[in-house]
Amino acid sequence: MKIVVCVKHVPDVQADRRFTDEGLVDRTQGDGTLNELDENAVEAALALVEAHGGEVVALTMGPADAEDAVRRALQMGADQAVHVQDDALAGSDVFATAGVLAAALRRIGEDGPVDLVVTGMAALDGLMSVVPSLIAAELGLPQATLAAELAVEDGAVRVRRDLDDATEVVRAPLPAVVSVTDQSNQPRYPNFKGIMAARKKPVTAWSLADLGVDPATVGAAGARTRVLEATPRPPRENRVLVNDDGDAGTRLAAYLVQNRLV
Amino acid sequence: MTPSGSEGVVLVVVDHQGATVRTPALELLTAARSLGRPEAVWLGAEAPSAAVLEQLGAHGAAVVHHLGVDPSGMLPASVAAVLGVAVEATGARTVLLVSTFENKEASAHLAFALQAGLVVDAAGVERADDGALVTVQQAFAGTWTLRSAVTTDRAVVALKANAVPAEVVDGAAVPSVVPHDVAVVAATRDAELLQRTERPVSERPSLTEAQVVVVGGRGTNGDFSQVEELADALGGAVGATRVATDEGWIGHEAQIGQTGVTISPRLYVGAGVSGAVHHRGGMQSSGTIVAINNDPEAPIFEIADYGIVGDLTTVLPQVAAEVRRLRAEAGEG
Ligand SMILES: Cc1cc2nc3c(=O)[nH]c(=O)nc-3n(C[C@H](O)[C@H](O)[C@H](O)COP(=O)(O)OP(=O)(O)OC[C@H]3O[C@@H](n4cnc5c(N)ncnc54)[C@H](O)[C@@H]3O)c2cc1C
Ligand SMILES: Nc1ncnc2c1ncn2[C@@H]1O[C@H](COP(=O)(O)O)[C@@H](O)[C@H]1O
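None of these values were measured; they are calculated from a predicted model. (Residues numbered from 1 in each chain as written. Chains lettered and ligands numbered in written order. Predicted model: local features only at pLDDT ≥ 70, side-chain atom pairs only at ≥ 80, totals over all residues. Heavy atoms only, no water.)

## Observations concerning the site of ligand 2
Residue and element names in this part refer to chain A.
Turning to step 1, where the next piece is worked out: Taken together, 19 residues lie around ligand 2, and Cys6, Asp38, Ala123, Ser129 and Val131 are the ones closest in.
Turning to step 2, where the next piece is worked out: Between ligand 2 and the protein, one listed contact pairs a nitrogen atom with a backbone N or O atom of Val7 at 3.4 Å.
Turning to step 3, where the next piece is worked out: For ligand 2, an oxygen atom lies 2.9 Å from a polar atom in the backbone of Val130.
Turning to step 4, where the next piece is worked out: When ligand 2 sits alone it has 480 Å² of accessible area, and the protein chains cover 98% of it.
Turning to step 5, where the next piece is worked out: Mapped by element, the contributors of at least two residues to the shell around ligand 2 are strand S4 (55-61), helix H3 (94-109), strand S6 (116-120) and helix H4 (131-139).
Turning to step 6, where the next piece is worked out: In terms of residue count, S4 provides more of the shell around ligand 2 than any other element does, three residues in total.
Turning to step 7, where the next piece is worked out: Its residues placed into classes, the shell around ligand 2 shows eleven nonpolar, six polar and two charged. (Near = heavy atom within 4 Å. Polar contact = N/O pair within 3.5 Å; in protein donor to acceptor, adjacent residues only side chain to side chain. Areas by Shrake-Rupley, 256 points an atom, 1.4 Å probe, with all protein chains shown as cover. Helix = DSSP H or I, 4+ residues; strand = E, 2+ residues; numbered from the N terminus. Nonpolar A, V, L, I, M, F, W, Y, C, P; charged D, E, K, R; others polar.)

Below is the structure:
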């Protein structure tokens, strides 16, 4: 089985995350990491290949630093990686991202068909959870997304997805797109051997020209939404912090009543 | 860029469970009134009942488009294909949905097909003076607020529950129903929904729609009874941190946060919750945040309007009892 896992390099959620004056995610702070939720995607891909044989290709689109994301996937055990990088990509929206990832997936498929595309459930910077659906739409592939459990059998992927008020079992014939949730597995931690081995694994760099993607369709200029304003949220005012001396619960009840919250 | 005028049709996809309209759908209709002419979209094997029509009309729907398929048997790509029929029939340039995981996926497919701009998890939506659609979103675990304009002619916006209060229109007429034939479109997808099990409806309000949510974390040590007791005293829903759901103390569907449910209730109460960034991402836009934690250094106190440094096992029952007492005193029983 040939599995491509899409991984994104995002600002560390524990760091002081910011927007630029242009309203784009500031990716210059140097504290980026592999999106934590994509570790679950890498883990899912590795586990499937361990069970069924095949190879895992890690794919990312992003600036120079984004190579760290695929490097991490290689350390975890992916066999090879592709990094799509181009100055024209800065400020790309989800449609451009999915379009470019789809173009890269087609290109990867030229060296042998891709059976499964695995993504995380969301990128922890934008938290849109839409790129997997858009990749499926771009490639005309069936999708089985938000998998809390997944298995490949009889040429199809079968997933369990837990939604707000229902649990579903979905079956999609391969090739297909799946996204996995943080419930689906416990990502492995790269060991010393994995880290050493990753140094020798190839990372292929592609530009938009390599993929035949028109630069006018991507980047901030091609985006379908434009940020007008990005403002840090002001701290909450009139905050109260009390030590419980035995009656804090009673006082809280009074506060709730006074503020018409009950 | 051809912004749609205020005359334009705004399609509102009505989430419903059986014959019951979910409150966020009424909020969307309210929001749609400031954007153009709201028309509702009802996916269901059965046409909406007279009571539902009256309710949708009262919230501003002039027309209800009936797409005759059962949405609970469909995957997002098919839902989008079916919604596309209503969009084409009405020429609507704006489509509003309630922001749930399922609807976000359907929104993506719909926006892809329409070449529309897409915003999910919006906390607000308005029409700018130049006619452009403008949305408000929270980012980075609620620490930033963004205002964005859709630059394409068409827009698909998934709006969070509780973003705007639902309001009725005085003297509204009962909307007319327009049926659309969608059977063929609905059947043209290649992933298969083998099974769908609806969770039993809880006695408590649903987590996304609740005005009050009481959340328990690791500090509960597995005993959620006091969290439930306070939720019931306040008429609210019960939520949890990932630690609590991972431990199996409560179902995963109760998880609040970046990988769980996003909530914006009027009142959030967190007990034994440290306030990790992953958790904050799902609750920081709540109206009033109350935290009960025995560690004065807990990060949740940085965002709490009202923090109590104390043991939740003594504080929670005391609040619940006092709330019940004050309510009884005020004659509410
Ligand atoms: C990719 C990823 C996604 C995640 N997504 C989510 C998510 O969606 N939602 C989520 O919640 N978490 C999520 N997490 C986990 C998150 O990082 C935290 O681990 C989790 O939120 C902590 O839960 P907690 O506050 O219950 O536990 P802890 O952090 O252990 O905090 C427990 C708190 O209880 C207090 N306490 C203990 N005893 C008492 C007592 N008797 N009275 C009062 N206070 C007491 C302690 O002082 C402490 O502050 C995610 C993590 C990752 C890596
Ligand atoms: N620039 C990117 N490069 C590679 N994968 C991506 C990129 N953006 C999004 N993805 C994948 O799509 C998933 C969902 O992202 P999103 O829709 O942005 O929340 C992520 O978990 C990744 O697996």
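## With respect to the domain arrangement of chain B
Residue and element names in this part refer to chain B.
Turning to step 1, where the next piece is worked out: We note that the domain assignment places domain 1 (9-180) and domain 2 (212-329) within chain B.
Turning to step 2, where the next piece is worked out: For domain 1 and domain 2, the distance between their C-alpha centroids amounts to 31 Å.
Turning to step 3, where the next piece is worked out: Roughly 600 Å² is buried in total at the junction of domain 1 and domain 2, and carbon and sulfur atoms are behind 53% of that figure.
Turning to step 4, where the next piece is worked out: Summed over the shared surface of domain 1 and domain 2, the number is zero salt bridges.
Turning to step 5, where the next piece is worked out: The interface formed by domain 1 and domain 2 holds two residue pairs in polar contact (both at pLDDT 80 or more) in total.
Turning to step 6, where the next piece is worked out: For the side of domain 1 that touches domain 2, the per-class residue count stands at three nonpolar, four polar and one charged. (Domains from an automatic or database assignment. Buried area = accessible area lost by both parts, 1.4 Å probe. Salt bridge = Lys/Arg side-chain N within 4 Å of Asp/Glu carboxyl O.)

## Points about the layout of surface pockets
Turning to step 1, where the next piece is worked out: Approximately 870 Å³ is the volume found for the second largest pocket.
Turning to step 2, where the next piece is worked out: When residues of the lining of the second largest pocket are traced back to their parent elements, those giving at least two are helix H1 (36-52) of chain A together with helix H7 (242-246), helix H8 (277-280), strand S17 (288-293) and helix H9 (312-329) of chain B.
Turning to step 3, where the next piece is worked out: The dominant element in the lining of the second largest pocket, judged by the number of residues it contributes, is H1(A), at four residues.
Turning to step 4, where the next piece is worked out: Here the lining of the second largest pocket is composed, by residue class, of eleven nonpolar, 20 polar and eight charged. (1 Å grid on protein atoms, 1.4 Å probe; cavity = no way out; pocket = protein on both sides within 12 Å on 5 of 7 lines; lining within 4 Å. Points joined across faces, edges and corners; volume = space filled by probe spheres on them.)

## A short note on helix H3 (residues 76-90) of chain B
All names here are of chain B.
Turning to step 1, where the next piece is worked out: Its 15 residues place the ends of H3 21 Å apart at the C-alpha level, agreeing with the 21 Å of an ideal helix rising 1.5 Å per residue.
Turning to step 2, where the next piece is worked out: Within H3, twelve of the 15 residues are buried, which leaves it mostly tucked inside the rest of the structure.
Turning to step 3, where the next piece is worked out: Burial in H3 covers these residues: Pro76, Ala77, Ser78, Val79, Ala80, Ala81, Val82, Leu83, Gly84, Ala86, Val87 and Thr90.
Turning to step 4, where the next piece is worked out: With its phi angle positive at about 70 degrees, Gly91 sits one or two positions after the end of H3. (Expected span 1.5 Å × (residues − 1). Buried < 20%, exposed > 50% of the residue type's maximum accessible area, 1.4 Å probe, protein only.)

## Remarks on the interface of chain A and chain B
Turning to step 1, where the next piece is worked out: Facing 76 residues of chain A, the contacting portion of chain B comprises 86 residues.
Turning to step 2, where the next piece is worked out: For the pair chain A and chain B, the summed buried surface comes to about 7,200 Å²; carbon and sulfur atoms form 57% of the total.
Turning to step 3, where the next piece is worked out: It is Asp165(A), Arg224(A) and Arg236(A) in chain A that bury the most area against chain B; as a group they hold 10% of the surface buried on that side.
Turning to step 4, where the next piece is worked out: Applying the counting criterion to the chain A and chain B interface returns seven salt bridges.
Turning to step 5, where the next piece is worked out: The partner of Asp305(B) in a salt bridge is Arg236(A), with the nearest N and O atoms 2.8 Å apart.
Turning to step 6, where the next piece is worked out: Remark: the boundary between chain A and chain B carries 42 residue pairs in polar contact (both at pLDDT 80 or more).
Turning to step 7, where the next piece is worked out: Those elements that provide at least two residues to the side of chain A that touches chain B are H1, H4, strand S7 (143-153), strand S8 (156-162), strand S9 (166-173), strand S12 (225-232), strand S13 (240-243) and helix H8 (248-258) of chain A. (Contact = heavy atoms within 4.5 Å.)

## Points about the site of ligand 1
Turning to step 1, where the next piece is worked out: Around ligand 1 there are 27 residues in total, and Arg218(B), Thr241(B), Ile256(B), Ser274(B) and Asn293(B) lie nearest to it.
Turning to step 2, where the next piece is worked out: Neighbouring residues of ligand 1 are not confined to a single chain but are spread across chains A and B.
Turning to step 3, where the next piece is worked out: Contact between ligand 1 and Arg218(B): an oxygen atom at 2.5 Å from a side-chain N or O atom of the residue.
Turning to step 4, where the next piece is worked out: Side-chain polar atom of Gln255(B) to an oxygen atom of ligand 1: 2.8 Å apart, as the coordinates give it.
Turning to step 5, where the next piece is worked out: Coverage of ligand 1 by the protein amounts to 81% of the 990 Å² it exposes when considered alone.
Turning to step 6, where the next piece is worked out: More than half of the atoms of ligand 1 fall within 2 Å of the grid points belonging to the second largest pocket. (Sits in = over half its atoms within 2 Å of the grid points.)

## Overview of the environment of Phe101(B)
Turning to step 1, where the next piece is worked out: Turning to its location among the elements, Phe101(B) is positioned in helix H4 (residues 101-114).
Turning to step 2, where the next piece is worked out: Through-space distance from the C-alpha of Phe101(B) to that of Pro76(B) is 9.8 Å; in sequence the pair is 25 residues apart.
Turning to step 3, where the next piece is worked out: Residue contacts for Phe101(B): discarding those within four places in its chain leaves Met121(A), Ser129(A), Leu146(A), Leu163(A) and Gly260(B).

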